[in-house]
Amino acid sequence: MSQNYGIRAVQLDLARQMESSAFIRDFIDFIADNGYNTLFLYLEWRVRTESVTCLPDNECYTPQELREIVRHAASRGVDVIP
């Protein structure tokens, strides 16, 4: 991939297709290995917080899961933008 662009991004639509945290980490590895440096996560209502609950519970990401994803991405040189 040409390195002429400062931002080389891909988007992962998790609002319509829920993926596991492991899948997202593997996807980050894949894009990092192929020259991308930014991952846009389209989440909509997929983040469970104190004010937002998800039904059923397994259809949402916890704040801790998202922190781990962002931490993994940072270790691979990938910025995550929700």
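Scroll up to find the structure.
Residues numbered from 1 in each chain as written. Predicted model: local features only at pLDDT ≥ 70, side-chain atom pairs only at ≥ 80, totals over all residues. Heavy atoms only, no water.

Novice: Looking at this structure, how should I read the pattern of salt bridges?
Specialist: One side chain can pair with another of opposite charge once the charged atoms of both are near each other. Here the structure, examined in full by the defined rule, presents four salt bridges. One salt bridge connects Asp33 with Arg76, and the closest N-O pair in it is separated by 2.5 Å. Here Asp33 is found in helix H1 (residues 21-33), whereas its partner Arg76 is found in the loop between helix H2 (63-75) and strand S3 (79-81), with 43 residues between them in sequence. Among the residues examined, Arg76 registers a relative accessible area of 31% and is labelled partly exposed. Of the charged contacts, one joins Glu59 and Arg46 as a salt bridge, the two residues approaching to 3.0 Å between their closest N and O atoms. Here Arg46 lies in the loop between strand S2 (38-42) and H2 and Glu59 lies in the loop between S2 and H2, a separation of 13 residues in the sequence. Each member of the salt-bridge network shares a partner with another, and the members are Asp29, Asp33 and Arg76. (Salt bridge = Lys/Arg side-chain N within 4 Å of Asp/Glu carboxyl O. Helix = DSSP H or I, 4+ residues; strand = E, 2+ residues; numbered from the N terminus. Buried < 20%, exposed > 50% of the residue type's maximum accessible area, 1.4 Å probe, protein only.)

Novice: Would you explain the packing of H1 against H2 in this entry?
Specialist: Relative placement of two packed helices is described by the angle separating their axes and the distance separating the axes. At a minimum axis separation of 10 Å, H1 and H2 run at an interaxial angle of 15°. For the element pair H1 / H2, the angle class is roughly parallel. In this structure, the crossing between H1 and H2 has a hand that is right-handed. Residues Ser21, Ile24, Arg25, Ile28 and Asp29 of H1 pack against Glu65, Ile69, His72 and Ala73 of H2. (Axes fitted to C-alpha atoms, helices over the stretch in contact; angles between N-to-C directions. Parallel < 35°, antiparallel > 145°, perpendicular 65-115°, else oblique. Left-handed = near helix turned anticlockwise from the far one by under 90°. Contact = heavy atoms within 4.5 Å.)

Novice: Can you help me understand the nonpolar core in this one?
Specialist: Counting 16 residues, the largest nonpolar core has Leu12, Leu14, Ile24, Ile28, Leu39 and Val78 as the members making the most contacts within it. Secondary structure elements with two or more residues in this core: strand S1 (9-13), H1, S2 and H2. Sort the elements by how many residues they give to this core and H1 lands first, with five residues. If sequence neighbours within four positions are ignored, Leu39 has contacts with Val10, Leu12, Phe27, Ile28, Ile31, Val78, Asp79, Val80 and Ile81. (Core = buried A, V, L, I, M, F, W, Y, C linked by side-chain atoms within 4.5 Å.)

Novice: It is not clear to me how H1 should be interpreted in this structure. Could you clarify?
Specialist: For an α-helix, the turn length of 3.6 residues means that residues three or four places apart are oriented alike. With 13 residues, H1 should reach 18 Å at 1.5 Å per residue; the first-to-last C-alpha distance of 18 Å fits that figure. Looking at the packing, one finds that the buried side of H1 touches S1, S2 and H2. Two residues or fewer past H1, Gly35 is found with a positive phi of approximately 90°. (Expected span 1.5 Å × (residues − 1).)

Everything listed here is a matter of coordinates, which is why it stays silent on function.
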